[in-house]
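Here is how the chains run, residue by residue.
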Amino acid sequence: MKFWIPVLTIVFGTTLAAEVASPDQQARFLAGLTVTEPALQALNAENSWQQHQREFDESWKKLEDGQLAKIRSWSPQTLGNDATSRDPLFYFFSGPDFLYANTFFPNANTYIFCGLEPVGSVPDVAALPRGTLAPSLGNLRKSLNAVLSFSFFLTKEMKVDLRATQLSGTLPVLYVFIARTGNTIKSTELVSLNNDGDFATDKAPTSGVKIVF
């Protein structure tokens, strides 16, 4: 599957060193799931991450029982063949809402999201400054409160939350949703599109991210 967001503002200039954990491991860590790569394993022992895991597990169980399981049952009965289609899914004004796009249409071969929220930098949890892990994870949970409780984002609040942390932008939220829905991220690439909608090698007016998972 390919998943990319063509109209979000991003921050360029992130450099990934050889020892940086893979995008999939970064996503699992942010989603409160255990990791296997040494670059992040030590952080699993941090009290702040263990609290993060407990709170996410609790929130996700409520979400699964109260909403996602019901959608999975309702969708094929109501949407018919569209629910299992492998056609690309276009989702305008989506923000980082991979969660419901994937729950309603789990077999789409490409998800194209459009929004105004900033993409942010590619997450590198191990590189966070000392003392910032706990507030960064706490703010990530805060930015997800509305969608986990009510099934939608509060756009104004989310835009503030996504700028008030070392884990900036929509990418951490996307990582959480992709990992928590049982998917494996293969690669993450910051991209630009030209006015024709094609990927551009030079700086172009529209910035975003492409995630292969």
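Just so it is clear, the model here is predicted, and its values are computed rather than measured. Within every chain, residues take consecutive numbers counted from 1 along the sequence as written. In view of the model being predicted, local features appear only for residues whose pLDDT reaches at least 70, and side-chain atom pairs are presented and counted only at 80 or more, with totals across whole chains, interfaces and linings using the full set of residues. Side-chain descriptors were evaluated using all non-hydrogen atoms of the structure, hydrogens and water having been removed beforehand.

A. The arrangement of the nonpolar core in detail. Side-chain atoms within 4.5 Å link the members of a nonpolar core, which is a set of buried Ala, Val, Leu, Ile, Met, Phe, Trp, Tyr and Cys residues. Exposure categories follow from relative accessible area, calculated using a 1.4 Å probe and restricted to protein chains: below 20% of the type maximum is buried, above 50% is exposed, and the middle band is partly exposed. Core analysis: the biggest nonpolar cluster contains 45 residues, and Phe29 and Leu30 have the highest contact counts within it. Starting at the N terminus, helices and strands are each numbered in turn, a helix being any DSSP run of H or I of at least four residues and a strand any DSSP run of E of at least two. Elements with a contribution of two residues or more to this core: α1 (23-30), α3 (47-79), α4 (98-104), β4 (110-114), α5 (133-150), α7 (171-180) and β7 (206-212). Residue contributions to this core peak at eight residues, all from α7. Residues count as neighbours in contact if any of their non-hydrogen atoms are within 4.5 Å of one another. Apart from the residues within four sequence positions on either side, leucine 30 is in contact with His52, Phe56, Pro123, Val125, Leu137, Leu140, Leu167, Pro172, Tyr175 and Val176.

B. Broad picture of the packing of aromatic side chains. Between rings of Phe, Tyr and Trp, where Trp is taken as its six-membered ring, a pair exists when centres lie within 6.5 Å; planes separated by under 30 degrees are stacked, by over 60 edge-to-face, and by other angles tilted. One pass over the full model with this rule turns up 10 aromatic pairs. With a centroid separation of 5.4 Å and an interplanar angle of 75 degrees, the aromatic rings of tyrosine 91 and phenylalanine 113 are classed as edge-to-face. Of the two residues, tyrosine 91 is situated in strand β3 (residues 89-92) and phenylalanine 113 in strand β4; the sequence distance between them amounts to 22 residues. Given the relative accessible area of 25%, tyrosine 91 is considered partly exposed. In this structure phenylalanine 113 comes out as buried when scored by relative accessible area, which is 0%. Aromatic rings pair up to connect Tyr91, Phe98, Tyr111, Phe113 and Phe213 into one cluster.

C. Spotlight on unusual backbone geometry. If you check the backbone angles, phenylalanine 93 has positive phi at about 55 degrees while not being a glycine. Counting through the fold element by element, phenylalanine 93 comes out in the loop between β3 and α4. For phenylalanine 93, a relative accessible area of 81% gives the class exposed.

D. Examining α7 more closely. With 10 of its 10 residues buried, α7 lies for the most part within the structure. Along α7, the positions that sit buried rather than exposed are Leu171, Pro172, Val173, Leu174, Tyr175, Val176, Phe177, Ile178, Ala179 and Arg180. Backbone geometry just after α7 places glycine 182 at a positive phi near 85 degrees.

E. Focus on the pattern of salt bridges. The term salt bridge refers to a pairing of a side-chain nitrogen on Lys or Arg with a carboxyl oxygen on Asp or Glu at a separation within 4 Å. Enumeration according to the criterion identifies five salt bridges in this entry. A salt bridge links glutamate 64 to arginine 72; its shortest N-O distance comes to 2.5 Å.

F. Main features of the confidence of the model for the protein. For the protein, the average pLDDT comes to 81, and 81% of its residues sit at 70 or higher. Scored from 0 to 100, pLDDT records how confident the predictor is in each individual residue. Taken element by element, the protein is modelled with least confidence in strand β2 (residues 9-10), mean pLDDT 32, and with most confidence in α1, mean pLDDT 95. The low-confidence segment residues 2-18, where pLDDT is below 50, has 70 contacts with residues more than four positions distant or belonging to other chains.

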